[in-house]
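Okay, here's what each chain looks like letter by letter:
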Amino acid sequence: MFEVELKAWAKNLNTVTEKTAAFAAWLETIDKSDQYYRLEKADGSHMTVRIRNEVINESEFRCTVTYKKKESRTTADGVAYEVNEEHEFTVSDAAEFERILLDSGYRISHRKHKVARGYQYGNYHIELCTIEGLGDFIEIETFSDSDDDAAITQIQKELEALIIRCGGQKSDIEKRYYSELLAEKSSTTVQ
């Protein structure tokens, strides 16, 4: 299963929320605290694992571990989107799992805090997010059984149309990963 995702800056979160709520079904509000762990490999590549602590609708707690084989693709007209092979499972004790990662050579690479309002529209999951230290975003994702170019290109066009339907613009689409945006922000505040 391949996750296909597109995100865009939400210049006016109130307007985006109104437009999204007009056509998509509200699901939940989630407060997500993510901690990322990175393992450098001998060949110069790396592996990243995320531990996410979530509070759903202020009452339900869940801890998930995610490993993604990430790939960023760009269309002929320059729109970047993600196609990720995702592996995810829940854990009952984040601290114990973290100990396993650290003892295996992983190191904490960065943290991210996101508050999201989730919506569903057909097979598309829409999140209107506020990322601490960055701002507001529209995230839309769906899954594909295949990662072949024709299938992914069709899904990417649908994601773009949904970004616009939510109140975003094609020019608002962000091609960088949140980790890159956070690192860039951190380096500019340190100087």
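Residues numbered from 1 in each chain as written. Predicted model: local features only at pLDDT ≥ 70, side-chain atom pairs only at ≥ 80, totals over all residues. Heavy atoms only, no water.

**Concerning the side chain of Ser144**
Position of Ser144 among the secondary structure elements: in strand β9 (residues 135-144). The class for Ser144 is buried, based on a relative accessible area of 8%. Ser144 has contacts with Met1, Phe2, Val4, Ala151, Ile152 and Ile155, leaving out every residue within four places of it along the chain. (Helix = DSSP H or I, 4+ residues; strand = E, 2+ residues; numbered from the N terminus. Buried < 20%, exposed > 50% of the residue type's maximum accessible area, 1.4 Å probe, protein only. Contact = heavy atoms within 4.5 Å.)

**So, helix α1 (residues 13-21)**
Side chains that are three or four residues apart share a direction in an α-helix, a result of its 3.6 residues per turn. Every buried residue belonging to α1 is among Leu13, Val16 and Thr20, and all of these are buried. One face of α1 carries all of its buried residues, which in axial projection span an arc of 60°. Residues of α1 that are exposed and point over 90 degrees away from its buried face: Asn14 and Glu18. Where α1 is buried, its residues meet β7 (107-121), β8 (124-131) and β9. (Arc of directions from axis to C-beta.)

**Quick notes on the packing of aromatic side chains**
Scanning the entire structure with this criterion turns up four aromatic pairs. Ring geometry for Phe89 versus Phe97: centroids 5.8 Å apart, planes at 75°, classification edge-to-face. Centre to centre, the rings of Phe137 and Tyr178 are 5.0 Å apart; their planes meet at 85°, and the pair counts as edge-to-face. With Phe137 in strand β9 and Tyr178 in helix α4 (residues 178-190), this pair connects stretches of sequence that are 41 residues apart. Its relative accessible area of 0% is what places Phe137 among the buried residues. Grouped by ring-pair contacts, the aromatic residues Trp9, Phe137 and Tyr178 constitute a single cluster. It is Lys7 that lies over the ring of Tyr178; its NZ or CZ is 4.8 Å from the centre. Just above the ring of Phe23 sits the side chain of Arg165; from NZ or CZ to the centre is 4.1 Å. (Phe/Tyr/Trp six-rings, centres within 6.5 Å; stacked < 30°, edge-to-face > 60°. Lys NZ or Arg CZ within 6 Å of the ring centre and 35° of its normal.)

**Side note on unusual backbone geometry**
Trans is the prevailing form of peptide bonds, just as negative phi is the prevailing case for residues other than glycine. Phi at Asn57 is positive, roughly 50°, even though this residue is not glycine. Its place among the elements puts Asn57 in the loop between β3 (46-56) and β4 (60-69). Positive phi is not limited to glycine here, since Glu58 has a value of about 60°. Tracing the backbone shows Glu58 in the loop between β3 and β4. When its relative accessible area of 79% is taken as the criterion, Glu58 is described as exposed.

**Concerning the pairing of β4**
Both β3 and β4 contribute to a ladder of eight bridges, which runs antiparallel. What sits directly across from Asn53, in β4, is Cys63. Between β3 and β4, which follow one another and run antiparallel, lie three residues, and Asn57 among them has a positive phi close to 50°. (Pairing = 2+ DSSP bridges.)

**A look at the pairing of β7**
Examined bridge by bridge, strand β2 (residues 25-40) and β7 share 13 bridges and lie antiparallel to one another. Each residue of the ladder has a partner; that of Glu28, found in β7, is Gly118. Of the pairings in the sheet, the one linking β7 to β8 comprises eight bridges and is antiparallel in character. Across the sheet, the residue bridging to Ala116 is Cys129, located in β8.

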